[in-house]
Amino acid sequence: MSRTTENLLELKNVVKIFTRASFELAKERVVYALSDVSFSMDIEPKVLALVGESGSGKTTICKLILGLEEPTSGEILYKGIPVSTWLRNYMKDYRREVQIIFQDPFETFNPFYRVDRVLWTVIQKFGLAKDKNEAESKIEESLEAVGLRPKEILGRYPHQLSGGERQRFMLARVYILRPKLLVADEPVSMLDASLRAVFLDHLKDFKKNGISCLYITHDLNTAYYISDYIMIIYAGKILEKGSVEEVIRNPLHPYTKMLITSIPVPDPTKRWTDKVKIDIAQLQKVSGRETIKGCVFYHRCDYAMDICRDNSPSMKDVEDHEVSCFLY
Amino acid sequence: MSQILDVQDLKVYFRTILGDAKSLDGVSLRVYEGEILGIAGESGCGKSTLVEGILKLVRPPGYIHSGKVIYNGKNLVELEEEEFRKMRWTDISYIPQGSMNSLNPVIKVEEQMIDGIISHIDISYQEAKEIADQALNSVGLPLDVTQMYSHELSGGMRQRVCIAMSICLKPKIVFADEPVTALDVVMQKLNLQTIGELREKFGITVVMVAHDMAWHAEISDRICIMYAGKIVEIGPTLDIFVSPLHPYSRGLLEAIPSLERRFARSIPGIAPSPLNWPDGCRFHPRCSNIMGVCEEVDPPLLEIEKDRFVACHIYGGG
């Protein structure tokens, strides 16, 4: 595996279509979970945030990268080689280099075993230590690296740990493995506010160990806190991407603007002054799009033009970041 | 402002095989007419239990151990269930947590609202229908909604239907438990603003439970911060944000990153268990300003400045 490329991960025009049965005359309905998603992650360790609301396709992207789903069309390349090839020929290498942290720390542990087993399994499966002593010192080192005291944690059962500790324990697993890419799917949404910061700080520190991170979230605040680059996804399409400062300080896409002005600021002197209007498009339940015609944001956009209804805008470079909108 | 609700030393316990879990352990609180009172705190601190205790919605194995809830000269804790039922919707109403999942999936929105109205006051179907339509209208929902089933609506809209239901019969006070949790930010803003408007439009007093301090910053007049089944601080929203008194309140505010402040700090340690609260001040194992007295004496909630209450030995008492 010595092919050199500048990208660690690259998604090229990825489309994912789910089909499902509907009540009407057994007709098949088609849902475009992802339409034409392209992005890449540099070989240099960085944190890239993928921000979108529920149902926008965040988790679908996560599953595609891990190879748990196959794209309908398009390519997903890891180090220049398609993920499907990796999984067929070099499964173990791929699993070692690409790791995940799931959202719910309460469901990722087997309640029958002590938590230590998670780390022992990793060491055994990937042959990370020569003997028991080395393994033990590795485990201790990894726990300390994520701010946990090995004496207090080892030998306990999952129910004896708090959500924050469990999630950091999962970080310790990642630390032992030293993957190249970590996919974190909403890792702090189940944690208490007072415990979030410490988890995010450790995740941020992983860059120093050569671990890139794709941080998937619905929360712009935490995305801004830890990431270098950010992508805004809506209804299966990436609408804007760029460096985090650029996108937050100077949002271009109407949806990004709407998101940023909707975030409540924890400061009672700066309350909202504008009002949101209710529109019919928001009324009905939206779960994936059933057409690829037009801009995905057309129905909710204040600046919608005729061209937006029938044509889908492509990504354009505007003022240091990329945006997919006909306004530019 | 006159006082509308007075909670006195309310205790709600849950029976477990390991003894009683003292989820709400002696809370005293006054709610004033026409205010929006925010109740903040992290998971497991007793926020929802407080609301359930006030509304007598505690289900077994939970029970109200002791305390009083005075509304209109009556102690709600001792009220007969039937009498309390008549007060629900007309005097006190409730928007439950995850309310978007509390609608009946097999009957239309309008039917459920009419059912509720008719079971609480004695009016005709047609009159009830008008009240329902009016309520939907006042939260900004188009009347198309009346003929829809809950699965046809988005989560945010279902929640608005629940807000509409709660204000149908013009109650004096509405309890909203995490009203915008699990919605996307645009919907959160929309619904939060609607709740904020209940006061202006109908003069309704609102008690809002929410874990996110930013939501309180947007609409609450006063905030009550809870930790480990007790209140640690109560004060006007601005004062709490500008100069939090209790070390826990301070920690909670510093823990939130925002777009304006790329900095956050966690509170060390973990929240204690309701089966075994720490002795003395319940926050002392995690506190950075610990003194000898904190390990032994639980500080009482004292008014140290006008309208500012805090339970901490730093400010005397004990």
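Draft legend 1. Looking closely at the overall build of chain A. A tally of regular secondary structure across chain A gives 13 helices and 12 strands. A compact globule built from 328 residues should have a C-alpha radius of gyration of about 20 Å, and chain A, at 21 Å, falls within 12% of that. For chain A, the spread of C-alpha atoms along the three principal axes comes to 70 × 55 × 45 Å. Classification of the 328 residues of chain A by burial places 44% in the buried group. The contacts of chain A with a sequence gap of at least 6 include a subset with a gap of at least 24, amounting to 67%.

Draft legend 2. Representation of the sheet that holds strand E2 (residues 19-32) of chain B in the model. Residues and elements named next belong to chain B. In space, the 4 strands of this open sheet follow the order E2-E1-E4-E5, with antiparallel pairing throughout. Of all strands in the sheet, those bounded by a partner on one side alone are E2 and strand E5 (74-75). Sheet topology places strand E1 (residues 3-16) next to E2; 10 bridges connect them, and they run antiparallel. Within E2, the position partnered with Lys-11 by the bridge is Asp-25. Contacts from helix H1 (residues 47-54) reach E1, E2 and strand E4 (62-71) within the one sheet, and its direction differs from that of E2 by about 70 degrees.

Draft legend 3. Structural context of unusual backbone geometry. Residues and elements named next belong to chain B. Looking along the chain, the bond that leaves Pro-60 and enters Pro-61 is cis, with omega of 10 degrees. In this model, Lys-56 sits at a positive phi of 55 degrees, which is unusual for a non-glycine residue. Here Lys-56 is to be found in the loop between H1 and E4. Classification of Lys-56 as partly exposed rests on a count of 17 C-beta atoms within 10 Å.

Draft legend 4. Representation of the nonpolar core within the structure. In terms of nonpolar packing, the biggest core is built from 188 residues, with Tyr-215 of chain A together with Ala-164 of chain B touching the most fellow members. At 8 residues, the largest contribution of residues to this core is made by helix H7 (residues 163-177) of chain A. Each residue touching Ala-164 of chain B, except ones within four places of it in the same chain, is listed here: Ala-135, Leu-136, Val-139 and Leu-141 of chain B.

Conventions adopted
Residues numbered from 1 in each chain as written. Chains lettered and ligands numbered in written order. Predicted model: local features only at pLDDT ≥ 70, side-chain atom pairs only at ≥ 80, totals over all residues. Helix = DSSP H or I, 4+ residues; strand = E, 2+ residues; numbered from the N terminus. Rg over C-alpha atoms; globule rule 2.2 N^0.38 Å. Buried ≥ 20, exposed ≤ 12 C-beta atoms within 10 Å, placed from the backbone. Contact = placed C-beta atoms within 7 Å. Pairing = 2+ DSSP bridges. Axes fitted to C-alpha atoms, helices over the stretch in contact; angles between N-to-C directions. Core = buried A, V, L, I, M, F, W, Y, C linked by C-beta atoms within 7 Å.

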